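# Structural description and commentary
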Amino acid sequence: IARAYEAGIRVVMLTGDQLNTARAIAQELRMGEVGRLEARHAHDLASVDVPQLARLASSVDVFARVSPEDKLRIVAALKESGEVVAVTGDGVNDAPALKRADIGVAMGQRGTETAKEAADIVLTDDNFATIIRAVEGGRTIYANIVKFVQLMLSENLSEVIFIFLAILLGWPLPL
């Protein structure tokens, strides 16, 4: 969880557990800002519209006693507010949220077949840290692609301009 926060990834727990249990687990995992853990019960979501839910989801670290429909609403609200949403899950009740998320990540060892089919990625080791390592690897690859494109543009742009000018001026092609 700490590595996720260091990487700029916000972690939100959506669980069917009781509020006090979810809060205790989140505190043990050191979720949320230091000294501040915001936890809400699912009944707080009942009368909330999508914009309010998006604002609530952007500040709450733990949602307890949530149903599959609540998970789906929270994911949709986060996506609507411009967040890139990844959902991890292992059960049938996680499948709708896994499917709706930008990136659905199912647990491969103890996950149900429904969750695996709904997900975009299946973790073979069921380890949350694997997701963080994958994000780090993806960011490295993206940075290398950007560097490569910049290199190719800087090396080849002068040639393209030179050929384009030769065509415009009616000169023979220089290369």
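Residues numbered from 1 in each chain as written. Predicted model: local features only at pLDDT ≥ 70, side-chain atom pairs only at ≥ 80, totals over all residues. Heavy atoms only, no water.

### Some remarks on the nonpolar core
Grouped together as the largest cluster of nonpolar side chains are 24 residues, with contacts concentrated most on Leu45, Leu53, Phe63, Ile74, Val75, Val85 and Val87. For this core, the secondary structure elements donating two or more residues are helix 3 (50-57), helix 4 (68-80), helix 5 (95-100) and helix 6 (113-118). Met13, Ala22, Met31 and Val62 belong to the second-largest nonpolar core, a separate cluster that totals 12 residues. (Core = buried A, V, L, I, M, F, W, Y, C linked by side-chain atoms within 4.5 Å. Buried < 20%, exposed > 50% of the residue type's maximum accessible area, 1.4 Å probe, protein only. Helix = DSSP H or I, 4+ residues; strand = E, 2+ residues; numbered from the N terminus.)

### Examining unusual backbone geometry
Leaving glycine out, the prevailing phi sign among residues is negative, and the prevailing peptide bond configuration is trans. With a phi angle near 60°, Arg30 is a residue other than glycine that sits in the positive phi range. As for its placement among the helices and strands, Arg30 is situated in the loop between helix 2 (19-28) and strand 2 (39-41). Here Arg65, not a glycine, exhibits a phi torsion of approximately 60°, which is positive. You can see Arg65 is positioned in the loop between strand 3 (62-64) and helix 4. Exposure remark for Arg65: the relative accessible area of 39% places this residue in the partly exposed category.

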